[in-house]
Amino acid sequence: MIQKALEYIVGLSKAEIQEVNGSKYSDKRLTRIDEDLRAEHVSLFTLNSLIDYIKSNTDTIKGKCLVHVVSPTEVELISELDKDRKRETLAYVTASIPKINLNSFMSQEEFIIMMQSQFSNDKTQLNEKEIVLQVAGNVLDKTVADYGDDGITQKVTIKTGIATNDDVKVPNPVVLVPYRSFQEILQVPSSFVFRMRQGDRGVSCALFEADGGAWKIDSVLRVKQFLQNQLEGIDNITVIA
């Protein structure tokens, strides 16, 4: 207690500045108190909301600003360097996307629901969603394990009519378009390894990522291009990725 009291009393005294060999030293730790004030950033969920915020100039954005595409699901609006050599985050945008269950097996029903709700039906680019659904939705139980598997293709029996069954190869790899970035941009297609297996509870299915994460770079570039187009003519805003 006495030591703390003495330290407190010493701390109340004025700091002494001394110069030694051309360098200045203080006998106390100094804290700068005249730093620029910084506001709490605005939290947003769509690219359009960020565009509206910038164009409205509600908070009177001064100087040059950067729109930084951090990832396929994150974008931030940051100010130029202030006199403290720091930047202020004015707005932060986080995409609202579904959590896709990749790289693990799931029941046939769960897999079909995931495919229907979390993957795009876009046909303007390569998209093999219908093929995957046809195989996963019509495969007959007890047929996955009855056929050879060369590590690339599997053979299963699927229903092709009221009383008709056909043997088909499970396609691999398949190109699909999951919802993984902002809805304002065209989602990026990528390759997946589609696998099926037979278990005690029936057929299970899985998708494994097979593009090495290249989709992330493509998505970031698409977000950047979208923002550049929408913010064209606003000279104090630069979009980077």
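One structure accompanies this document, and this report is about it. Nothing here was measured: the structure is a model prediction, and the numbers come from that model. Along each chain, residue indices are assigned from 1 in the same order as the chain's sequence is written. Where local features are concerned, this predicted model is filtered to residues with pLDDT of at least 70; where side-chain atom pairs are given and counted, the filter is 80 or more; whole-chain, interface and lining totals use all residues. Side-chain figures throughout are based on the complete set of non-hydrogen atoms in the structure, without hydrogens or water.

Structural notes on the packing of helix α3 (residues 108-118) against helix α4 (residues 129-138)
Argument step 1. Two numbers describe how α3 lies on α4: the axes approach to 10 Å, and their chain directions differ by 160°. Here α3 lies roughly antiparallel to α4, going by the angle between them. At the point where α3 passes α4, the crossing takes the left-handed sense. Facing Gln-108, Phe-111, Ile-112, Met-115 and Gln-116 of α3, the residues of α4 in contact are Lys-129, Val-132, Leu-133, Ala-136 and Gly-137.
Argument step 2. Ten residues, namely Ala, Val, Leu, Ile, Met, Phe, Trp, Tyr, Cys and Pro, are considered nonpolar, four, namely Asp, Glu, Lys and Arg, are considered charged, and the remaining ones, Gly among them, are considered polar. A class-by-class count of the residues in the contact of α3 with α4 yields six nonpolar, three polar and one charged. Axis lines are fitted through C-alpha atoms, for helices just across the contact stretch, and the angle between N-to-C directions can take any value from 0 to 180 degrees. Working definition: helices are DSSP H or I runs of at least four residues, strands are E runs of at least two. Numbering for both runs from the N terminus. Note on angle classes: values under 35 degrees are labelled roughly parallel, values over 145 roughly antiparallel, values of 65 to 115 roughly perpendicular, and the remainder oblique. Each helix crossing is assigned a hand: it is left-handed if the near helix lies turned anticlockwise from the far helix by less than a right angle, otherwise right-handed if that turn is clockwise. Note on contacts: a residue pair qualifies if any of its non-hydrogen atoms lie within 4.5 Å across the two residues.

Regarding the packing of helix α2 (residues 47-56) against helix α5 (residues 214-230)
Argument step 1. It is at 11 Å that the axes of α2 and α5 come closest, and there the two elements cross at 35°. Like other packed secondary-structure pairs, α2 and α5 cross with a definite hand, here right-handed. Only Val-223, Phe-226, Leu-227 and Gln-230 of α5 make contact with α2, whose side of the interface consists of Leu-47, Asn-48, Leu-50, Ile-51 and Lys-55.
Argument step 2. Within the contact of α2 with α5, the residues separate by chemical class into six nonpolar, two polar and one charged.

What about the environment of Arg-195?
Argument step 1. By the secondary structure assignment, Arg-195 is in strand β11 (residues 190-199).
Argument step 2. Relative accessibility thresholds used throughout: buried, under 20% of the residue-type maximum; exposed, over 50%; partly exposed, between the two (1.4 Å probe, protein chains only). On the accessibility criterion, Arg-195 (19% relative accessible area) is buried.
Argument step 3. Counting along the chain gives 24 residues from Arg-195 to Pro-171, while the straight-line C-alpha distance between them is 8.9 Å.

Regarding α2
Argument step 1. Considered for burial, the residues of α2 that qualify are Leu-47, Leu-50, Ile-51, Tyr-53 and Ile-54. Mapping the buried residues of α2 onto a view down its axis gives an arc of 160°, with all of them on the same face.
Argument step 2. Against β3 (42-44), β4 (65-71), β5 (74-79), β6 (89-94), α5 and β13 (237-240) lie the buried residues of α2.
Argument step 3. Positive phi shows up at Asn-57, right after α2, with a value of about 50°. Along the arc lie the directions from the helix axis toward the C-beta atoms.

Re unusual backbone geometry
Argument step 1. With phi around 50°, Asn-57 is a residue other than glycine that occupies positive phi space.
Argument step 2. Relative to the elements of secondary structure, Asn-57 occurs in the loop between α2 and β4.
Argument step 3. With phi around 65°, Asn-103 is a residue other than glycine that occupies positive phi space.
Argument step 4. Summarising the element assignment, Asn-103 is placed in the loop between β6 and β7 (106-107).

Quick look at the nonpolar core
Argument step 1. Nonpolar cores were defined as sets of buried Ala, Val, Leu, Ile, Met, Phe, Trp, Tyr and Cys residues, with membership established by side-chain atoms within 4.5 Å. Counting 25 residues, the largest nonpolar core has Leu-50, Val-67, Val-75, Leu-77 and Leu-227 as the members making the most contacts within it.
Argument step 2. Only α2, β4, β5, β6, α5 and β13 provide two or more residues apiece to this core.
Argument step 3. Every residue in contact with Val-67, bar those within four places of it in the chain, is listed here: Leu-50, Ile-54, Val-75, Glu-76, Leu-77, Leu-227, Leu-231, Ile-237, Thr-238, Val-239 and Ile-240.
Argument step 4. With 21 residues, the next largest nonpolar core counts Leu-133, Val-139, Leu-176 and Phe-192 among its residues.

Observations regarding α5
Residue pairs three or four apart in sequence face the same way in an α-helix, which turns once every 3.6 residues.
Argument step 1. Here the expected length of a helix is defined as 1.5 Å per residue gap, with one fewer gap than residues. Here α5 spans 25 Å end to end across 17 residues, near enough to the 24 Å set by a 1.5 Å rise per residue.
Argument step 2. Those residues of α5 lying buried are Trp-215, Ser-219, Val-220, Val-223, Phe-226 and Leu-227. One face of α5 carries all of its buried residues, which in axial projection span an arc of 135°.
Argument step 3. Residues of α5 that are buried in the fold lie against α2, β4, β5, β11, β12 (202-209) and β13.

Points about the sheet that holds β3
Argument step 1. Pairing between strands is defined by DSSP: at least two bridges between them are needed. Spatially, the five strands line up as an open sheet ordered β3-β6-β5-β4-β13, and their pairing is mixed. Each of the sheet's edge strands pairs with one partner strand only, and the pair in question is β3 and β13. On average, adjacent strands in this sheet sit at an angle of 15° to one another, irrespective of strand direction.
Argument step 2. Strand direction decides the pairing type here: β5 and β6, joined by five bridges, are antiparallel. Bridged to Glu-76 within β6 is Tyr-92.
Argument step 3. Against the sheet, α5 makes contact with β4, β5 and β13, and its axis sits at roughly 155° relative to β4, the strand it touches most.

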